[in-house]
Amino acid sequence: MHPSVTALIHAAIAEDVGSGDVTSLYFIPENSRSRSEIVAREPGIVSGAEIAATVFKEIDPALEVEVCIPDGSPFERGDILMKAAGSTRSLLTAERTALNFLQRLCGVATQTKKYVDAVKPHPVQVWDTRKTTPGWRLIEKAAVKHGGGTNHRMGLYDHAMVKDNHLAANGDLPALQASIRKLRAERPGVRVQLEAATLRQVADFLTLDGVDMLLLDNMTPGQQREAVKLVNGKLWLEASGGITLDTIKEVAATGVNAISVGALTHSARALDLALDLF
């Protein structure tokens, strides 16, 4: 498990448990032992199972934890996603933090699967964005992959995306070309993408060397089709801007290579999962 994810788990446990679970300490006998199951109250796609299992083991290494349905797998209402057994106090202390991770990440994976299914049969990728919960980016982007989506850039450091505000500050073509050449020379592994809001910008950007892809920002499907014809396979094209489940299929049919959807992460609903104790 990535060190940043381990640190996130530790922070989440500290946030919830603090100096101790006073309810369990005072209302559950010390020698009480129980079995528990995390059960789905609705269908979805699993993500965060290993994280939730780690929460139980961090609370109490003596707990017996079994992941029943692994990350990336579908489940139905009533399915058991995970089992844990041991100290009743430990199970109840771990319950909410484990569920918070699992419900949220299953929600992202399930939301992503809906968008991925919606673009079929078009050969287009569904991309995530940087619109993630602060500190959760690595695991939310993992959840996108579990749902069948594709990760776009992880952060500002691994992919140059020149957007409207960058262009407003320094956006004439000679300056752009000079910046692209400097980046290529100093960081050859970093991809370069430019945001285009008009077909004129698309045509202008095609004159530049060293560009890997264009982002078609808030264009209509008609404009997107024209951009696909204009580019003619020279660059990858990403469509972005307010795309929903109702509109994504029409966008996919334009011939773009990828569609980015912030809603995969910023608007995913936590799934209804519950821990039952026996």
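First, a word on scope: everything that follows refers to the structure included in this document. Quantities reported herein were computed from a predicted structural model and do not represent experimental measurements. Within any chain, residue numbers begin from 1 and follow the written order of that chain's sequence. This being a predicted model, a pLDDT of at least 70 is required before a residue's local features are given, and a value of 80 or more before pairs of side-chain atoms are given or counted; all residues contribute to the totals for chains, interfaces and linings. Excluding hydrogens and water, the side-chain values take into account all heavy atoms of the structure.

Thoughts on the pattern of salt bridges
Put simply, a salt bridge is a Lys or Arg side-chain nitrogen that is within 4 Å of an Asp or Glu carboxyl oxygen. Evaluation of the coordinates by the stated rule reveals 11 salt bridges. The closest approach of N and O atoms between K113 and D117, which form a salt bridge, is 2.9 Å. Of this pair, K113 and D117 are both found in helix α4 (residues 88-118), 4 residues apart, which corresponds to roughly one turn of the helix. By relative accessible area, K113 is classed as partly exposed at 30%. Residue exposure (1.4 Å probe, protein chains only): buried if accessible area is under 20% of the type maximum, exposed if over 50%, otherwise partly exposed. Given the relative accessible area of 32%, D117 is considered partly exposed. Between E186 and K182 there is a salt bridge, with the nearest N and O atoms lying 2.8 Å from each other. Within this pair, E186 and its partner K182 are both found in helix α7 (residues 173-186), separated by 4 residues, close to a single helical turn. For E186, a relative accessible area of 53% puts it in the exposed group. Within the structure, one salt-bridge network assembled from shared partners comprises K113, D117 and K120. Strands here mean DSSP runs of E at least two residues long; helices mean DSSP runs of H or I at least four residues long; both are numbered from the N terminus.

Here we look at the packing of aromatic side chains
When the centres of two rings from Phe, Tyr and Trp lie within 6.5 Å, Trp using its six-membered ring, the rings pair. Their planes under 30 degrees apart give stacked, over 60 give edge-to-face, and anything left gives tilted. Following the criterion strictly, the structure yields 2 aromatic pairs and no others. An angle of 25° between the planes, with centres 5.0 Å apart, marks the rings of F101 and W136 as stacked. Taken together, the residues F101 in helix α4 and W136 in the loop between β6 (125-127) and α5 (137-146) connect sequence positions 35 residues apart. For the residue pair F101 and W136, the accessibility class agrees, reading buried in each case. For the pair W127 and W236, a centre-to-centre distance of 6.1 Å together with 5° between the ring planes defines the contact as stacked. Highlighted residues: W127 in strand β6 and W236 in strand β10 (residues 236-240), separated in sequence by 109 residues. The buried category is assigned to W127, whose relative accessible area is 4%. Judged by relative accessible area, which is 36%, W236 ranks as partly exposed.

Concerning the environment of V251
Inspection of the secondary structure puts V251 in helix α10 (residues 248-252). On the basis of relative accessibility, which here comes to 5%, the residue V251 falls in the buried class. In this structure the C-alpha to C-alpha distance between V251 and P221, which are 30 residues apart in sequence, comes to 5.7 Å. Contacts were defined at the residue level, with two residues in contact if any of their heavy atoms lie within 4.5 Å. In this structure, V251 is in contact with Q224, A239, I243, V256 and I259, ignoring residues within four places of it in sequence.

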